[in-house]
Number of protein chains: 4
Amino acid sequence: MNAAVRGVVRTADALGVHTLGVEFGYRGLIKDRMRELDARAVSGIIQLGGTILGTARSEEFRTPEGRARAAANLKGRGVDGLVVIGGDGSFHGAQALSDEHGIACVGIPGTIDNDLGGSDFTLGFDTAVNVALEAIDRIRDTASSHERLFFVEVMGRRAGWLALYAGLAGGASAVLVPERPTDIEAVRERVRGSFEMGKTFCIVVVAEGDDAGGAYGIANGVVEGTSLDSRVTVLGHVQRGGPPTMRDRVLGARLGHAAVKALLEGQDQIMVGERSGQIIRTSLETAWTDNDHDAGPLLELIDLLAR
Amino acid sequence: MNAAVRGVVRTADALGVHTLGVEFGYRGLIKDRMRELDARAVSGIIQLGGTILGTARSEEFRTPEGRARAAANLKGRGVDGLVVIGGDGSFHGAQALSDEHGIACVGIPGTIDNDLGGSDFTLGFDTAVNVALEAIDRIRDTASSHERLFFVEVMGRRAGWLALYAGLAGGASAVLVPERPTDIEAVRERVRGSFEMGKTFCIVVVAEGDDAGGAYGIANGVVEGTSLDSRVTVLGHVQRGGPPTMRDRVLGARLGHAAVKALLEGQDQIMVGERSGQIIRTSLETAWTDNDHDAGPLLELIDLLAR
Amino acid sequence: MNAAVRGVVRTADALGVHTLGVEFGYRGLIKDRMRELDARAVSGIIQLGGTILGTARSEEFRTPEGRARAAANLKGRGVDGLVVIGGDGSFHGAQALSDEHGIACVGIPGTIDNDLGGSDFTLGFDTAVNVALEAIDRIRDTASSHERLFFVEVMGRRAGWLALYAGLAGGASAVLVPERPTDIEAVRERVRGSFEMGKTFCIVVVAEGDDAGGAYGIANGVVEGTSLDSRVTVLGHVQRGGPPTMRDRVLGARLGHAAVKALLEGQDQIMVGERSGQIIRTSLETAWTDNDHDAGPLLELIDLLAR
Amino acid sequence: MNAAVRGVVRTADALGVHTLGVEFGYRGLIKDRMRELDARAVSGIIQLGGTILGTARSEEFRTPEGRARAAANLKGRGVDGLVVIGGDGSFHGAQALSDEHGIACVGIPGTIDNDLGGSDFTLGFDTAVNVALEAIDRIRDTASSHERLFFVEVMGRRAGWLALYAGLAGGASAVLVPERPTDIEAVRERVRGSFEMGKTFCIVVVAEGDDAGGAYGIANGVVEGTSLDSRVTVLGHVQRGGPPTMRDRVLGARLGHAAVKALLEGQDQIMVGERSGQIIRTSLETAWTDNDHDAGPLLELIDLLAR
């Protein structure tokens, strides 16, 4: 996300627009925690994981009173427009702030799950998948003559994109995602089939939001009543950090630039995204309603190649 | 490229088609160095850098006699179609082999420079840029009170895409590419301007094919007659190795699968590529003629953000 | 471990000694799965994670009958001496094989837990700690205004060295290891103290063999009855793979070389290790009895610096 | 180095001692650029490459006038002791400052070349070698049927340790260091021998201070008059950055702690180092006079294993 912050600040600076950075998201907006960001302030941040501004959840911003306080702070500082990096929840908040207080809001898709409409990919997704992939690669190295099963739990509460891309790129035998009901018996059969074909180990990638539960529960279910041996890795917040990949930085730079341009052209309640290499603008609403990408083709390809 | 090899072999296996792997490219084709590749033979290769089949140049394949020998070997083994992973030169060879001997050929774009038409990205490009980016990140860490200039030479003889993406993602002050004539004086002014704005160091990314020469020569030219201090890094073949990124593996899997499907549908002299997330087919000729992507927008964004 | 295999093979080759590689450890020894290893066979393996020979457990080798079969295979192939890379269990097996059948055995310390006497460090330890450290770094990046607690479970059933080194290098607030009884209440107080001192998040590293249980259980115990928010990462076998670090490769090369020299000098039932930069030889028995390194100083330093 | 800064600050804090951080080394000392460092100020820095305090050279500090100004600044702020992280040059300066102005000085070995007496390893060396090693690994991946020679130039003006450790760990065919006169003809013969033994490529690691010149010159010399094909990589400052390894962080923490203890015990003009895992103290003079480690055994092992 730092690449997007840098893109916003430097574009604004080049166009003679003043920028403030809000610390810790909507919580900081309510507490008036903002600081000047000029071209120098965003030097040396492009390679840092996380965000220099911090993140936080804010229950208070979900209330009209909280948003009124935030709007008062913004107006008190003479702010005309807001760039919001986030997902579903952040965009609902932005929409309400705009509706209720006339603050122009432009969103940048920034969820790790890639679960938004209006952009092929969200900021942070490419980095998170590569981190998960590196973990899977390391597990593959522990070659063994055992018929051993490895379960790797990755992020993804409502969407399995991270699991799907990591699983396809990592050569997983199976990928379990919220988009498809998980049949423990079928997983067991798949794995047995792989062992019979000569595989000495299988890797199963599990999205945390899978309907059959977390990796530990699924692992126990699959090996129950068999002589199979299983091992579990839960990546957790490891996926959220680390230096961003090239794709995430280039996307951040482009979207940061596009967000400022959109605000200066009078846009409001829209999200900037990238589709087929082009910057596009969609309504904020589209971002959270039109997020039903079809996981089918990826699942098919994974199934086909997992021989 | 191993992801593409795996994609080809496993797709073929799933469809009941037999696959041979040719070692060391056209040279191996002429020497009849081929080996059986079944689903197990491509296990555990997806995370490896380079290619399990090896690469080589072959002067002999540029002659009709060389190609006749290759075709004889292929026919002797009952091969009906060939998947060629490579660039301009490889595709010219494939076209000639098809024209002269009727071997159906399907190409997969696999150059590090991303210099082909018919696909948004080539296999290996994403990995190479991320390697270059990691080097740039490390250089950024060596903070200093000196006004120091770092020159990083990356691959790219005819096309500067690697330099452009690495430079944008790495926060370079300037990127010198074959697509734009390099003015040493202008680079010096740019750098001086950055130092005056408070920067303590500048990174300049140079594509090896830049018209002003290699990084050493350019560095000497820029600091000549000034008190500036410069340091040079030449990445060389470092960019060609290492575990491929998620994008390269997913692209490899998809294109490997698509190439087999195309051959089975009777296609010949085409390349499979990815445009806007969709698999497309273009003529091999398009790949080497329609490669004039416009570097302008990226250069503009780099110039704008390098404040 | 591949660096050690290469060191053994190339040293032997240089000294005119023939080498066989046993696949999948003692299991392969019993099944007579051995293959010729010459200087070329160990080319290009030094950077690979895991081991090219594979690993496996063997219940059968724990029986006199199993060992008799293994010895017969070795003698049938004219093998005079055996280099065993492993830990406690492997060395017990080697000792028995030597005692019962006169096969000269030299051990190389190769456990991820660093839980052997006779060597400052075991092969694989440096790599495993660096992998764990990288995960901790990524978690640190997810800056937050929450007072959030991260628990990272690393390997170490009987010894907490991996947790201690990763925790000290990763700036952990607390490290829970088998060497010291864990007091959940004390952990809670430590963490609260950190938050009061202005920390916005704390990382607790847990060795899997800690007396208070795994990371999930400890995390639940610590946050119970508080408003603290916790997240868990379980690294699992991720720590066993990946390209080995410089230290592990240099250690492997040196110990592989030393093991061959020791066998040629008629040594038996010893382990080669490195102490203070020097190669030393100790009895195999020492390796598993003299492994009570004192974790005290490291724990003290961690406690002192975790302010 | 940040781990050492953290170690100094937190140890001092725990012992009730106040700490100032001097920005940009001796230059900052002369310009009175110092800032308060409390326990919180060194949070979140342990994983960062470079140093949060910056580095710089200072010609002025080599003069008695410069040192007098620095001493006046230190005394004006009530500073009793100075911890200096650096090498030869920094320690000469510290000694002079102590001699002339009675400022107690304790050194921490912090050169990338590992060229100091009084410590097995210097801070930053382990990280730099691992970075060089990763580059060598990537080059190894670019398997080829060509008989191709890769030259990798690493840091090391007067000492070849970085080249030796990287070369041994990276499986180099030859390592050229200042400690041994380089015979171009012998390198050519070595390489030819390797190709005759079936190697398809050779990697030669060159320390920048080698007597035969830089990697480009050596490469040209070796291939001259042959049909060999060479490629050059010059790592440069890439080796100075990036997240430090576990070893460097643990060493930094230990030495930072030991430096504060030494100052509090009234020590002056000494360096703290680590030998055989123990913290030791030697005179600053020892650090720069007793640095003639014997490169012989490593060179022998490299030659033996490079078959």
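Keep in mind that this is a model prediction, so the values were computed, not measured.

## Some words on the overall build of chain A
Regarding its fold elements, chain A presents 11 helices and 10 strands. The C-alpha atoms of chain A give 22 Å as radius of gyration, which agrees with the globular expectation for 307 residues (19 Å, within 12%). Across the 307 residues that make up chain A, the buried fraction comes to 60%. Taking as baseline every contact in chain A between residues at least 6 positions apart, the subset at least 24 positions apart corresponds to 72%. About 11,000 Å² of surface is accessible on chain A, with carbon and sulfur atoms providing 47% of the total.

## Quick word on the interface of chain D and chain C
Listed as interface residues are 42 residues of chain D and, on the opposing side, 42 residues of chain C. Across the interface of chain D and chain C, roughly 3,900 Å² is buried in total on both sides, 59% from carbon and sulfur atoms. Linking chain D to chain C there are 14 residue pairs in polar contact (both at pLDDT 80 or more). Listing elements by their share of the side of chain D that touches chain C, those giving two or more residues are α1 (2–14), α5 (125–141), α6 (161–169), α9 (246–264) and α11 (296–305) of chain D.

## Focus: the packing of helix α1 (residues 2–14) of chain B against helix α9 (residues 246–264) of chain B
Residues and elements named next belong to chain B. As a packed pair, α1 and α9 sit with axes 7 Å apart at the nearest point and diverge in direction by 40°. Accordingly, the angle class assigned to the pair α1 and α9 is oblique. Between α1 and α9 lies a crossing whose hand is right-handed. Note on element contacts: α9 touches α1 through Arg 249, Gly 252, Ala 253, Gly 256, His 257 and Val 260, opposite Ala 3, Ala 4, Gly 7, Val 8, Thr 11 and Ala 12. Residues belonging to the contact of α1 with α9 are distributed by class as follows: 6 nonpolar, 5 polar and 1 charged.

## What about the domain arrangement of chain A?
All names here are of chain A. Once the domains are mapped, chain A shows domain 1 (2–124 + 244–289) and domain 2 (126–240). Across the boundary between the two partners, domain 1 contributes 12 residues, which contact 14 residues of domain 2. For the pair domain 1 and domain 2, the summed buried surface comes to about 1,000 Å²; carbon and sulfur atoms form 49% of the total. In this structure, the connection of domain 1 to domain 2 is made through 2 salt bridges.

## Focus: the relation of the copies chain D and chain C
Superposing chain D onto chain C requires a rotation of 180° together with a translation of 0.0 Å along the rotation axis, leaving an RMSD of 0.0 Å. The two molecules are tied by a two-fold rotation axis, judged by turn and shift. No C-alpha of chain D lies nearer the rotation axis than that of Ser 276 of chain D, which sits 1.9 Å from it. When you check the interface residues of chain D against chain C, 98% turn up at the interface there too, and the contact is symmetric in its surfaces.

## Here we look at helix α3 (residues 64–76) of chain D
Residue and element names in this part refer to chain D. Between its first and last C-alpha, α3 extends 18 Å over 13 residues, near the 18 Å set by a 1.5 Å rise per residue. What α3 keeps buried is the set Gly 66, Arg 67, Ala 70, Ala 71, Asn 73 and Leu 74. Considered in projection along α3, the buried side chains sweep an arc of 160° and stay on one side of the axis. Across α3 from its buried face, at more than 90 degrees, point the exposed residues Glu 65 and Gly 76. On its buried face, α3 sits against α2 (25–30), β2 (34–36), β3 (81–86) and α4 (88–101). Positive backbone phi, approximately 70°, marks Gly 78, located one or two places after α3.

## Quick word on the relation of the copies chain B and chain A
The two copies are related by a screw operation: chain B maps onto chain A through 180° of rotation and 0.0 Å of translation along the axis, at an RMSD of 0.0 Å. The share of interface residues of chain B whose copies in chain A are also at the interface is 100%, consistent with both copies meeting through the same surface.

## A look at the packing of aromatic side chains
Counted under the stated rule, the structure contains 26 aromatic pairs over all chains. With 6.0 Å between their ring centres and 70° between their planes, Phe 121 of chain B and Tyr 165 of chain B make a pair best called edge-to-face. Taken as a pair, Phe 121 of chain B in the loop between β4 (104–109) and α5 (125–141) and Tyr 165 of chain B in helix α6 (residues 161–170) lie far apart in primary sequence, 44 residues in all. No difference in accessibility class separates Phe 121 of chain B from Tyr 165 of chain B, as the two residues are buried. Taken together, a centroid distance of 6.4 Å and an interplanar angle of 75° make the contact between Phe 150 of chain B and Phe 201 of chain B edge-to-face. Taken together, the residues span a long stretch of sequence, with Phe 150 of chain B in strand β5 (residues 148–154) and Phe 201 of chain B in strand β7 (residues 201–207) at a distance of 51 residues. The cationic tip of Arg 247 of chain B hangs over the ring face of Phe 121 of chain A; the distance from NZ or CZ to the ring centre is 4.2 Å.

Parameters and conventions
- Residues numbered from 1 in each chain as written.
- Chains lettered and ligands numbered in written order.
- Predicted model: local features only at pLDDT ≥ 70, side-chain atom pairs only at ≥ 80, totals over all residues.
- Heavy atoms only, no water.
- Helix = DSSP H or I, 4+ residues; strand = E, 2+ residues; numbered from the N terminus.
- Rg over C-alpha atoms; globule rule 2.2 N^0.38 Å.
- Buried < 20%, exposed > 50% of the residue type's maximum accessible area, 1.4 Å probe, protein only.
- Contact = heavy atoms within 4.5 Å.
- Areas by Shrake-Rupley, 256 points an atom, 1.4 Å probe, with all protein chains shown as cover.
- Buried area = accessible area lost by both parts, 1.4 Å probe.
- Polar contact = N/O pair within 3.5 Å; in protein donor to acceptor, adjacent residues only side chain to side chain.
- Axes fitted to C-alpha atoms, helices over the stretch in contact; angles between N-to-C directions.
- Parallel < 35°, antiparallel > 145°, perpendicular 65-115°, else oblique.
- Left-handed = near helix turned anticlockwise from the far one by under 90°.
- Nonpolar A, V, L, I, M, F, W, Y, C, P; charged D, E, K, R; others polar.
- Domains from an automatic or database assignment.
- Salt bridge = Lys/Arg side-chain N within 4 Å of Asp/Glu carboxyl O.
- Least-squares fit on C-alpha atoms with pLDDT ≥ 70 in both.
- Expected span 1.5 Å × (residues − 1).
- Arc of directions from axis to C-beta.
- Phe/Tyr/Trp six-rings, centres within 6.5 Å; stacked < 30°, edge-to-face > 60°.
- Lys NZ or Arg CZ within 6 Å of the ring centre and 35° of its normal.

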